Amino acid sequence: MPTPDITSGAPCWIDLMTSDTDKAKSFYNALFGWTYETGDQEKYGGYITASKDGRLVAGIMQKQADMGAMPDVWSTYLRTDDIKATTEAAAAYGGQVLLEPMDVPEQGIMAMYGDSSGAAIGAWQFGEMKGYEVAAESGAPAWHELLAKDYESAVSFYQSVFGWETAVMSDTPEFRYTTLGAGDDAKAGIMDAAGFLPEQVPSMWSVYFAVDNTDATVEQATALGATVMEAAEDTPFGRLATLSDPTGAVFKVIQNMASAS
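Conventions used here
- Residues numbered from 1 in each chain as written.
- Predicted model: local features only at pLDDT ≥ 70, side-chain atom pairs only at ≥ 80, totals over all residues.
- Heavy atoms only, no water.
- Buried < 20%, exposed > 50% of the residue type's maximum accessible area, 1.4 Å probe, protein only.
- Helix = DSSP H or I, 4+ residues; strand = E, 2+ residues; numbered from the N terminus.
- Arc of directions from axis to C-beta.
- Contact = heavy atoms within 4.5 Å.
- Pairing = 2+ DSSP bridges.
- Axes fitted to C-alpha atoms, helices over the stretch in contact; angles between N-to-C directions.
- Phe/Tyr/Trp six-rings, centres within 6.5 Å; stacked < 30°, edge-to-face > 60°.
- Salt bridge = Lys/Arg side-chain N within 4 Å of Asp/Glu carboxyl O.
- Parallel < 35°, antiparallel > 145°, perpendicular 65-115°, else oblique.
- Left-handed = near helix turned anticlockwise from the far one by under 90°.
- Core = buried A, V, L, I, M, F, W, Y, C linked by side-chain atoms within 4.5 Å.
- Nonpolar A, V, L, I, M, F, W, Y, C, P; charged D, E, K, R; others polar.

Asker: Please give an account of helix α3 (residues 83-92) that cites residues and values.
Answerer: Since the α-helix packs 3.6 residues into each turn, any two residues three or four apart lie on the same face. Buried within α3 are the following residues: I83, T86, T87, A89 and A90. The buried side chains of α3 occupy one side of the element, clustering within an arc of 165° when seen end-on. Every exposed residue of α3 that faces more than 90 degrees away from the buried side is listed here: K84 and A92. Buried residues along α3 sit against β6 (96-104), β7 (108-114), β8 (120-126) and α4 (151-162). Looking one or two residues beyond α3, the residue adopting positive phi is G94, at roughly 95°.

Asker: I'd love a proper account of the sheet that holds strand β4 (residues 55-62), names of residues and values included.
Answerer: Spatially, the eight strands line up as an open sheet ordered β2-β3-β4-β1-β5-β8-β7-β6, and their pairing is mixed. Looking along the sheet, the strands with just one partner apiece sit at the ends: β2 (35-38) and β6. Between one strand axis and the next, the sheet turns by 25° as a mean value, whatever way the strands run. Two elements, β7 and β8, share seven bridges in a ladder whose sense is antiparallel.

Asker: Mind laying out the packing of aromatic side chains, listing which residues take part and the relevant values?
Answerer: In total, this model carries 20 aromatic pairs according to the counting rule given. For the pair W34 and F209, a centre-to-centre distance of 5.8 Å together with 65° between the ring planes defines the contact as edge-to-face. On the criterion of sequence distance, the pair formed by W34 in the loop between α1 (21-32) and β2 and F209 in strand β13 (residues 204-211) is long-range, its members being 175 residues apart. Three or more aromatic residues link up through ring pairs in this structure, and these residues are F27, Y28, F32, W34, W74, F209 and F251.

Asker: Please give an account of the pattern of salt bridges that cites residues and values.
Answerer: Evaluated as defined, the whole model comprises nine salt bridges. Among the ionic pairs, D81 bridges to R79, the shortest N-O distance being 3.1 Å. Residue class for D81 comes out partly exposed when judged on its relative accessible area of 49%. Put simply, E152, D171, R176 and D192 are held in one network by salt bridges that share partners.

Asker: Describe the packing of α1 against helix α5 (residues 214-223), naming the residues involved and giving the relevant values.
Answerer: Interhelical geometry of α1 versus α5 gives an angle of 150° and a closest axis separation of 10 Å. Judged by the angle between their axes, α1 and α5 are roughly antiparallel. For α1 against α5, the interelement crossing comes out right-handed. Packed against α1, whose contacting residues are F27, A30 and L31, the element α5 presents T217, Q220 and A221 at the interface.

Asker: Lay out the side chain of S75 in plain terms, naming residues and giving numbers.
Answerer: In this structure, S75 sits in strand β5 (residues 73-79). The contacts of S75, once residues within four sequence positions are left out, are W13, I14, D15 and M112.

Asker: If you had to explain the pairing of strand β1 (residues 11-18) to someone new, which residues and values would you point to?
Answerer: Taking burial as the measure, the eight residues of β1 include eight buried ones, the bulk of the element. The sheet contact formed by β1 and β5 spans six bridges and is antiparallel. Paired with L16 across the strands is W74, a residue of β5. Here four bridges tie β1 to β4, and the two strands are oriented parallel to one another. Each bridged residue has a counterpart across the sheet, and for D15 the counterpart in β4 is G59.

Asker: How would you explain unusual backbone geometry if you had to name every residue and give the values?
Answerer: One non-glycine residue, D53, lies in the positive phi region at around 55°. With respect to the helices, strands and loops of the structure, D53 is situated in the loop between β3 (48-52) and β4. Phi is positive for A136, close to 60°, though the residue is something other than glycine. One can find A136 in the loop between β8 and β9 (141-148).

Asker: Now, about the nonpolar core: what can you tell me, with residues and values included?
Answerer: Core analysis: the largest hydrophobic core is formed by 36 residues, its most contacted members being Y113, L146, Y158, F162, W164, I190 and W205. Sorting elements by how many residues they give to this core places α4 first, with seven residues. Not counting the four nearest positions on each side in its chain, W205 is found in contact with T76, D115, A119, A120, I121, H144, E145, L146, Y158, W164, A188 and G189. Membership of the second largest hydrophobic core comes to 27 residues, among which are Y28, I60, A221 and A226.

Asker: Outline the packing of α3 against α4, supporting the account with residue identities and numerical values.
Answerer: Between α3 and α4, the least distance of the axes is 9 Å, while the angle of their chain directions is 150°. With respect to α4, the axis of α3 lies roughly antiparallel. The handedness of the crossing between α3 and α4 comes out as right-handed. Each of T86, A89 and A90 in α3 lies in contact with α4, whose residues at this interface are F157, V161 and F162. Counted by class, the contact of α3 with α4 contains five nonpolar, one polar and no charged residues.

Structure (structure tokens):
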């Protein structure tokens, strides 16, 4: 499959902030077949890149002691062609700048924001590193979804800050959902989560990984130390389950439609 066509504003990278990189590497290697390369400590802080069949798919980094009670977490990054302007827009449209633009030598420039609904979202301006090289294949990211407690504000934020051209997929009281792009060309989604996210749980981005068989993946993941957060169920988009890895980072797996048919 060709390298994904990552347009400006679209998801381009994911990484895992974990309290135990060795445990994470072992888990995702066994589950998804990932292999790893660790970056230079002085230059890249020991940042680990994961590959699937030789193609970049994700990053893994060690959680620092000064991060306190912050849970282990998967993060999504959106592509920007002007990270300075994006950072200014994030602050102007109700977000917070959690990490000012930071140059990653030769690779690109990153920043991290809290969006207007309170969810953390990364930004990445391409240098030599142009995002993940595989998507929507088994063991690779297939979808990115924001569960937003302030749905309308969140949709407006991504339109204004990242230039999203959105489509409304559903607008009923039970299910409100907006996508970046429309139909088969959609690249990410925003769901109104005000009705079901507990008060103590903030808005959040979720990463979905494609798998060949959701039930078999769930069984394997639990044997490797994962916890089932939401049991496998059929949806209009594939068979879906929510898991947390052995140190508590939450992710979703979805049986891709090609293998489901």
